[in-house]
Amino acid sequence: MSLKDAATQVRENAYAPYSKFKVGAAVRSASGKVYVGCNVENAAYPEGTCAEAGAIAAMVAAGETKLVEAYVIADCPEPITPCGGCRQKLAEFGAAEAKVTMATVSGTEKTTTVGTLLPGSFGADFLDME
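Cut-offs applied
- Residues numbered from 1 in each chain as written.
- Predicted model: local features only at pLDDT ≥ 70, side-chain atom pairs only at ≥ 80, totals over all residues.
- Heavy atoms only, no water.
- Helix = DSSP H or I, 4+ residues; strand = E, 2+ residues; numbered from the N terminus.
- Rg over C-alpha atoms; globule rule 2.2 N^0.38 Å.
- Contact = heavy atoms within 4.5 Å.
- Polar contact = N/O pair within 3.5 Å; in protein donor to acceptor, adjacent residues only side chain to side chain.

Before going further, it helps to spend a moment on the overall build of the chain. Of regular secondary structure, the chain possesses 4 helices and 5 strands. For the chain, the N- to C-terminal ordering of α and β elements is α-β-β-α-β-α-β-β-α. Relative to the globule expectation of 14 Å for 130 residues, the C-alpha radius of gyration of the chain, 14 Å, shows essentially globular dimensions. Here the C-alpha coordinates of the chain stretch approximately 45 × 35 × 30 Å along the principal axes. Taking the intrachain contacts of the chain between residues at least 6 apart in sequence as the baseline, contacts between residues at least 24 apart amount to 58%.

Here's what the structure looks like:
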């Protein structure tokens, strides 16, 4: 299944009773397997989770820690961009050159990279690992 199809399908499962803004995301891991996530809102704002975070959590739960591509889709006028927190999550598990496609349900797409979405990202190399 393509990332686009996976993200489009999982978007329908989003739990967005407050905003009515459903988002779907799919990531491809280094093994080639596809993991999906959708946004899950909560009445106690801001305790919801983003679609990208859900897809990454599913990947990690399956024992994988490297993504090579991501796709995010929502019903909006312009391609949906990951929030700042999700950009950091994408950078944690994807290399700077990992492809990220942002899309609308009407078919408009914009493709970029993790490094372009989050230049100068904070990573493990900044931490004292000794």
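Moving on to the side chain of Thr104. By secondary structure assignment, the location of Thr104 is in strand E4 (residues 94–104). At 3.0 Å, the side chain of Thr104 forms a polar contact with the side chain of Ser106.

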